[in-house]
Each structure stands twice: as structure tokens, then as C-alpha cells.
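Below are the chains, spelled out letter by letter.
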Amino acid sequence: SARVMPTQERKLFSSTLFHKIFKAHTSLSLKKCKGCLYKISTSMVEKGTSLLKMMEISVAEAEKRTGKNAVNMQETYTVYLIETRPVDAASEGTNPVPDSLWRRYSEFELLRNYLLVTYPFSVVPPLPEKRAEFVWHKLSADNMDPDFVERRRVGLENFLLRVASHPDLSSDKIFYSFLTEENGWKETVFETGFQAKADSRLKALNATFRVKNPDKRFAEMKHYGDELQSVISQLLRVRARAADRLYGVYKVHGNYGRVFSEWSAIEKEMGDGLQSAGHHMDAYAASVDDILEEEEHYADQLKEYLFYADALRAVCRKHELTQYELEMAAQDLTSKKQQREELATGTIRTFSLKGMTSKLFGQETPEQREAKVKMLETQIEEGEELVKERNTECEEFVKSAWVDIERFKEQKDHDLREALISYAIMQISMCKKGIQVWNNAKECFSKM
Amino acid sequence: MLRLLSQQLRLNERDLHASVFGPGKDSKTDTSTTQTDGSSFNASMQTSPASMINQYKFEEEEEDADTKDIFVTVDNPESHVTAIETYITYRVETKTTRSEFDSSEFEVRRRYQDFLWLKGRLEEAHPTLIVHPLPEKFVMKGMVERFNEDFIETRRRALHKFLNKIAEHPIFSSSEDFKIFLTAGSGELTSHKKQGPGFLSRMGETVKAVAAAVRGVRNRPQEFTDMQEYAEAFSQKISSLDKVTQRIVREQKEYLEELKECGPTYALWSQSEQELAEPLKNVAGCVDNCCKETEEQVKHLNDHLIPVLHEYVLCADTLKAVLRRRDNIQADFEGKTEALATKKADRDADSKVLSLAWDSLVGRSPEEVKQQKQQKLKGEIKEMRDELDKAEDRLEWANNALKTDWTRWQKVMRTDLRSAFIDTAERNVSYYEKCLAVWESFLQSQRTDAEGNGNVDSS
């Protein structure tokens, strides 16, 4: 069956290159290759996604702009072109021009912050990094560098595709208008009043508090998030250093090319063999650029999950917060109930200021006491409502969050496994190139 | 046949030797029978050097087709401690079918000094032939101990190559010094070493050589100038290759250091995962395997390519030295030619005012003095002419020997370097093939896993 692969499936996590790699690698049959890619996208499309089924989304281009910023200073920034097109259009054979609009990175950030606040129980997909990190020396850490911009374009597209295939996030109206309404989107977002929630959420998440009975699973997940972040950081660091060294090894071989060429000039019989061997050494030295560029894509895949770890931890933290608020409410209720009991029986079991003052200044009148009891009863009633509310909140949060965490786990296992496979494919491709070059060189040497 | 020829050749070597190193040696070698060039052959076959060289060339081509009849190995280093010093000896084992050897198998122990001595003797006897270099006396880089295992092994290999190159050389391999080196007991060798030019005569040789060098060569034939240029250029190129290769080894080692940390990181990660644990552990294993292969590959470069390049760096110096010695021989000849011409001019000169004046003071008649002078000059001129003829022969001999050996050396160099580079290329191919297999087995394992879980789409 000639199934036309829609654009977004092909472009999942920088898979233009992914596809190139698959194509280049011959020992994996192309059939299986297509199956893998197909599998990635179907697992995302089928799980009740609405938006991705209806709409093709891509971040097609990047452009530099200059303008005045908030403090009226001249700045240069990059904008990205978001293209959308209804899914049916492609299969009908017509190729209508996609709708498009330009967005800059800060707008993506705004969208994500909104989603974080509005869907606290979702593991919200991360954005590509703001500044280039874990770079090896040849790569530029400059945000304006074209390679960095290109990799960011791909990362932004990934972000949109992931949101668009998320069971909860994809149906968000703000998300939809981000994709379709160029003007006034920012205002719309601010009108939701999410900013206030964002601030309080930020404050709460950064505060230290101790939870007495956290859900064990969430505690473990948080710990896992910590470990994942730590180990991926380490891996990225080590990999960047190794890439740097590998670059050196390949490039030094270029010197062979130069010396062989010079040497061949003074030799009679050996000249030709040396000269052509030198060319192969030059080719070998040059081949490292492509190799390391491919590896950079692998690093990007790892980075996505490095940032995902953060999102995961945020959800766990939110759970702790809701649990803590529940515990606080329950604690407060208990103490109020105890106070009532004390007032009713006249015994003071717990220390209270009222108790002390009454000891010091004499008992209250029965009317005073009755008023107090009445107040307490109201408070207890309210307290019980609050506890019920918070309990429900907690339970619902745990339920929704855990569903999304499970979904995330499956996605992560799948994606990272694919990433490891693509890494192996890259290594194989590198080895094949090496074998070819050195076999060629050997032939030239034999002619010496 | 060749060996008889080279024995003949050796007879003229003494004269050759004298022109470069001074006449002192002749007196010693004439009488003794157990001398360095101990030949029991009759010394009177006076064929011209040129024709002898031609026969040498001819024989060489034949010898290529012959099977090797001498096998030398250097192994088994042992350290010896005495009151004064500690040193290493190596076992030198010889197996041969050659008739001039008393037996077919020999085993002796030799130290570096002995090899140095042998090289020196060969160079003395054949100043314009190219002797393969010995490994250096000291290693400059860092504080490498003389008794460090790697250093000893590298040196052993180089010494082994040295002896084999000597054995493969048509002239050197029939050298008496070589034979004694391979067969003599340590006592015999020591006493043999004591013979040969004494200290004073060697001093005389050096002085003569310096004089010749200072005098300089006037009319060097173009072909030798070409060789000089080649030697310079070759020296530069081979030194560059040596440096480049050493840099590659350094970079590879640094790469290896970083790569060694990757595997453990993947392994660490696998400990936090469930589904991913297996592929991560697998990747960790693959990376570790690649590390091992890289280590092997670096070792191979170090042990095989670098020593060969280094040898040829030293060879380049030998080439330059050989050309210098040839120049000295020519300079000596030119000097003698000049001196003879001057003497002849003296003889033909009309007035010898000063000398007559002196002689008249002494009280002899002018005619008498003139007669005496003429006789004396005649005698001197004859002597000088004889010397000049010998110098001419020596020069012709040296030039032809050099030309022939140069061609031979180039062939050997080509073979050695070609096979060293081919070997390196093959090793690199093998390295990549092994790494390829490692990663393909990983892919395979992931595929079978996927199939096992029924995840494969059949589209």
C-alpha cells in the first residue's frame, strides 16, 4: 500500500536526518525502517489526539529580524515560520498553500508557561534550549549561528508536534490560536489571568515544605527525574568532550595528505601511489564534520529528555504541594476539633493562648464560651468542606497526573530506545566510511 | 660466487679506508692474518673497481631470486649487574647454511655497545655504503629509563631489524666483523675488538677527514648534488611523517580517555531504568568494546608504524653522512691533484732564487744543488703520482659503490615504507570492522527484542 507519509511524521525529532541515516544504512532493510518511523507517529496519533489528526504542523523556516525591544533599544532576533494545513488537503491530491505565521522564541516560552500553569498534572513537552550548552569546541555557542538556529527550528517543531499529539494539551484553545492567530495572541494569553497563577505556583514550587504522606509513586518519580537529569547531563558532557577529541584525530590525518603530496614530488616510482593516498587522507580528515553533525542530532534527542526530566519533576512537586495543602487543612481541622473538645469538657489538653489567658485572667463567662464554641463549629464545618475539597483535588490530581506520567514513561522508553538505535546506526555509518577510506588508501599504498 | 667477489673487493677497501681515514691502518693489517678483513685469499687480483662494481650489480639481481641462507634473531633481553654498571644483553641466534661458517647454528649474547662497534666497523670499511641505522643511544623524550620494559622491547626490535638488514646486504653480510659478531664468544669478541686501528691512527683519520671537509669539493658531479638534494628533502618529509604520526597517537590517546567515561555513564543510567535498562547496558558494553579496540589500534601504531618511520629518519641522516664522506674522498683527490700540479710547476720553474741562495751559503755548487733538487722533485712527483692514482681509484670505487648502494637502498626503502603503510591501513580497516561488528550486534539484539515483543509493523 502506497501510504503517503504526512510531513509531521517524517519530521519527528529531527528525522529528516534520521531518515537520511536510515537510508544510508543498508543492513537495516528499508521496510523495517519505514515501519519504525510509522510506529512512532501512529503511537502518537492514535492515542486520542485530536489536533494532529486534523492538522499538519511544521516550523518551516527561520529568519532574522531587527526591531526595538521593550526598553526601546535596537535588537536582533530570530523568528520562526509556523505552517499549518488541514490533513485532508494532502490526501486529496491538491496542494494548497499552508496557513502560516511568524513567532519568536519568547512567544513559545509564553505558550509553554501558560500550559504549565493550566495543566499542572501534565508532563509538558520542553522547548529546545535557550542557549547552546554542552558544546564541543567547533560548535558555536552563539545564538545567531545558523547551525544553532537550524537545530532550534527542528526543536521547536518537535515541541509543537508533541503538544499537538498530547491527549490533554492538544485541545487547548490558546494552543490552537498560537498556531493560527498571528495578532493579538499575546493579549489573549494574558487575559486568561494565568500570570497570577504562574507567580503563585512558582512561589509555591520553590518553597520548602515537608509532606508527611506523599504518594510513594510520586516520590519515586521525582527521584527518578533527579537521576535522569544528572545522568543525561553527564552523558552530554562526556560525549561533547569525546567529540572534540575525535575531531582532533581526524583532522591531524589531513597532515598526512599534505606531507604525502610533498613527498611524492621527490620520488619517481612511489610518487603516484603517495599522491593518491594523500587525497584519501584529506577525505578522511574532512569526513569528521558530517559525522559530528549527525552526532549533534543525537545529542539533541538526549537534551529533549534532559529537559523533560524537569517537567516530570514539576508534576511531582505539584503533587507534593497539593498533598501538603491537604495535610495542612487536615491538621488545621484536627486542631480546631480538639479546641472544641477542650472547650466542651473544660479540660485543657493542648497548649493554647486562650487557655493560658483564662488561667491567668480567670475563666470566661458561659456566654463567651458558647460564642466561641459556635465559632469553632462553623470553622470546623468549613474546615471539613475544605479538607473534602482538597482531598478530591489531591485524588484527581494523582489520578490525572499518574495517567500522564505513565504515558510519558512509555513515550520516553520508546523514544530513547530509538535514539540509541539511531546512535548505533551513526556509529556503523562512521565505521563504514572509515573502512572505505582505508581500503582505498591501502590500494594506493600498494601502488607505491 | 658473490662472496668471493666481495672478498676481492675488500682488498681495495684498505686503500679506500686510508683516503678517508688516513694511512695509519695499512701497517697493521698487512701482516696479521686474524685481522678485521681476514682474507686468506691471494691479494693480487687487480681488476678495476668499475668492473668489480658491475659484477656486484649483476650478482645482486641474482641474489634476489635466491632463497635466504642466513637467519638472525635478536631476543631474550637480560639485565646484568656488575660492580661498575648495569646493562642489558640480548640473545643473538644465527641459523645458516653458509660454508664460511663453522657450524649451522650459533647463539651468543650481545649488548648495545657491541652493535655500535659492528656498525662502526662496517662504516669504516665501506664509507660510501649505506649502513642501516641503530636505535638511538638515549631517548630524549621525558625521563625514559633505560630499563623500562617498553624501551627495551622497542630497542630489541630495532636491533633485530638492524642485523637482518646487514644480513640482507650483499656486501655487509660477508663482512668478517659481521661473522665474528654473530659467532664469537664474549672473550673472543673483546680481543677481536682490540685489534684494528689504534687510537692514534684513528686520530689521524679524523684529522684528515676534517681537512678534507674544510677543503671542500670543487667539481661535484651533478648526480651527487641531486642525491644531496634528495637526501635533504627526504629527511624533511620523513621527519614530518614521524611527527604527524606521533601527534595522531597523542590525539587518539586523549580520545580514548574521554571515551572510557562514556560506557560507565550509560551503565549508570541503566540502573535507573526498567525497560531501557537492557539497551542501555548493551550500549555501555558496545562503547567499552570500542574502547578496547581503540586501545589496540593505538598500540599497533606505536609498535609498528612509528619505529619504521623513526628508522628512516635516522636513515636520512646516514644518507647525508655517506654523501659527505664521498665528498671528502673527492676533495682528497682534488687536493692531491692540485698538489701534484704545484710540484710539477715547481720542477719546471726557472729560477729558484731563494733555495740557491741558501745552498750557496751552505757551500755547495749551484749545478750540484740544481741536480740534487731535480732528483728530489722527480722522486716526490713519482710518489705523488702513485698516491694520486690510488686516490683516483678510490674515488671511482666510492662513487660506483655509492651509486649502486643508493639504488639498492631506495628499493629497500620503498619496500619497507610501502609495507608499513599497507600494514597500518589494514590495521585501520580491521579496527573499523571490529567496531562495526560491535554496533551491528547491538542493532541485531534490539531487532530481535522488538520482534519478541511483537512490535514490528509489517508494511
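Bear in mind that the values here come from a model prediction, so they are computed numbers and not experimental data.

**With respect to the pairing of strand 1 (residues 70-81) of chain B**
Residue and element names in this part refer to chain B.
Stage number 1. In this sheet, strand 2 (residues 86-96) lies alongside strand 1 in antiparallel orientation, the contact comprising 10 bridges. Its bridge partner being in strand 2, Thr73 is matched across the sheet by Glu93.
Stage number 2. Counting the residues between successive antiparallel strands, the hairpin from strand 1 to strand 2 contains four residues.

**Some thoughts on the packing of helix 9 (residues 222-270) of chain B against helix 10 (residues 277-348) of chain B**
All names here are of chain B.
Stage number 1. Following both chains from N to C, one finds helix 9 and helix 10 inclined at 165°, their axes separated by 8 Å at the closest point. Viewed along their axes, helix 9 and helix 10 adopt a mutual orientation that is roughly antiparallel. Once helix 9 is placed against helix 10, the crossing between them reads as left-handed.
Stage number 2. Of the residues that constitute the contact of helix 9 with helix 10, the class distribution is 32 nonpolar, 12 polar and nine charged.

**Points about the packing of aromatic side chains**
Stage number 1. Summed over all chains, the structure comprises 29 aromatic pairs over all chains.
Stage number 2. Seen from their ring centres, Phe178 of chain A and Trp185 of chain A are 4.9 Å apart, and the 70° between their planes marks the pair as edge-to-face. Assigned by exposure class, Phe178 of chain A and Trp185 of chain A land together as buried.
Stage number 3. Geometrically, the ring pair formed by Tyr230 of chain B and Trp406 of chain B is edge-to-face, given 6.1 Å between the ring centres and 70° between the ring planes. Taken together, the residues Tyr230 of chain B in helix 9 and Trp406 of chain B in helix 12 (residues 366-452) connect sequence positions 176 residues apart. Note on accessibility: Tyr230 of chain B and Trp406 of chain B belong to one class, buried.
Stage number 4. Above the ring of Phe178 of chain A, the side-chain terminus of Arg103 of chain A is found at 4.7 Å from the ring centroid.
Stage number 5. For Arg104 of chain A, the ring lying beneath its charged end belongs to Tyr77 of chain A, and the centroid distance is 3.8 Å.

**Examining the sheet that holds strand 2 of chain B**
Residue and element names in this part refer to chain B.
Stage number 1. If you walk across this open sheet you meet the three strands as 1-2-3, and the pairing is antiparallel. The open sheet has two edge strands, strand 1 and strand 3 (105-111), and neither has a second partner. Each strand of the sheet is rotated relative to its neighbour by a mean of 20°, with strand direction disregarded.
Stage number 2. Sheet analysis places strand 2 next to strand 3, joined by seven bridges and oriented antiparallel. The partner of Tyr90 across the bridge, within strand 3, is Arg110.
Stage number 3. Where helix 5 (residues 149-168) meets the sheet, its contacts fall on strand 1 and strand 2, and the angle it forms with strand 1 comes to roughly 145°.

**Describing a negative patch on the surface**
Residues and elements named next belong to chain A.
Stage number 1. Residues Glu381, Glu382, Glu385, Glu389, Glu393, Glu395 and Glu396 make up a contiguous surface patch of negative charge.
Stage number 2. Among the secondary structure elements, Glu393 is positioned in helix 14 (residues 366-446).
Stage number 3. Overall, the relative accessible area of 40% leaves Glu393 in the partly exposed class.

**Comments concerning the packing of helix 11 (residues 216-264) of chain A against helix 9 of chain B**
Stage number 1. One way to put it is that helix 11 of chain A packs onto helix 9 of chain B with a least axis distance of 8 Å and a crossing angle of 165°. Taken together, the axes of helix 11 of chain A and helix 9 of chain B lie roughly antiparallel to each other. In the packing of helix 11 of chain A onto helix 9 of chain B, the handedness of the crossing is left-handed.
Stage number 2. Classifying every residue of the contact of helix 11 of chain A with helix 9 of chain B gives 23 nonpolar, eight polar and 10 charged.

**Section: the interface of chain A and chain B**
Stage number 1. With 62 residues of chain A in contact, the opposing surface of chain B contributes 58 residues.
Stage number 2. Summed over both sides, the interface of chain A with chain B buries roughly 5,700 Å², with 71% coming from carbon and sulfur.
Stage number 3. Summed over the three residues of chain A that lose the most area to chain B, namely Arg245, Tyr256 and Leu420 of chain A, the buried surface amounts to 11% of that side.
Stage number 4. Viewed at the interface, chain B and chain A are joined by seven salt bridges.
Stage number 5. Among the ionic pairs, Glu258 of chain B bridges to Arg241 of chain A, the shortest N-O distance being 2.8 Å.
Stage number 6. For the interface between chain A and chain B, the tally reads 15 residue pairs in polar contact (both at pLDDT 80 or more).
Stage number 7. Looking at the side of chain A that touches chain B, the elements with two or more residues in it are helix 3 (30-46), helix 11, helix 12 (271-345) and helix 14 of chain A.
Stage number 8. The element that contributes the greatest number of residues to the side of chain A that touches chain B is helix 11 of chain A, accounting for 24 residues.
Stage number 9. Class assignment for the residues of the side of chain A that touches chain B results in 35 nonpolar, 11 polar and 16 charged.

**Here we look at the confidence of the model for chain A**
Residues and elements named next belong to chain A.
Stage number 1. Summary statistics for chain A give a mean pLDDT of 82 and a share of 81% for residues scoring 70 or more.
Stage number 2. Mean pLDDT values for the elements of chain A range from 37 in helix 3 up to 94 in helix 11.
Stage number 3. Confidence drops under pLDDT 50 across residues 1-48; counting only partners more than four residues distant or on other chains, this segment forms 82 contacts.

Rules and cut-offs
Residues numbered from 1 in each chain as written. Chains lettered and ligands numbered in written order. Predicted model: local features only at pLDDT ≥ 70, side-chain atom pairs only at ≥ 80, totals over all residues. Heavy atoms only, no water. Pairing = 2+ DSSP bridges. Helix = DSSP H or I, 4+ residues; strand = E, 2+ residues; numbered from the N terminus. Axes fitted to C-alpha atoms, helices over the stretch in contact; angles between N-to-C directions. Parallel < 35°, antiparallel > 145°, perpendicular 65-115°, else oblique. Left-handed = near helix turned anticlockwise from the far one by under 90°. Nonpolar A, V, L, I, M, F, W, Y, C, P; charged D, E, K, R; others polar. Phe/Tyr/Trp six-rings, centres within 6.5 Å; stacked < 30°, edge-to-face > 60°. Buried < 20%, exposed > 50% of the residue type's maximum accessible area, 1.4 Å probe, protein only. Lys NZ or Arg CZ within 6 Å of the ring centre and 35° of its normal. Contact = heavy atoms within 4.5 Å. Patch = residues over 30% accessible without salt bridge, like charges linked within 9 Å, V, L, I, M, F, W, Y side chains within 5 Å. Areas by Shrake-Rupley, 256 points an atom, 1.4 Å probe, with all protein chains shown as cover. Salt bridge = Lys/Arg side-chain N within 4 Å of Asp/Glu carboxyl O. Lys, Arg positive; Asp, Glu negative; His and termini not counted. Charge placed at Lys NZ, Arg CZ, Asp CG, Glu CD. Buried area = accessible area lost by both parts, 1.4 Å probe. Polar contact = N/O pair within 3.5 Å; in protein donor to acceptor, adjacent residues only side chain to side chain. pLDDT = per-residue confidence, 0-100.

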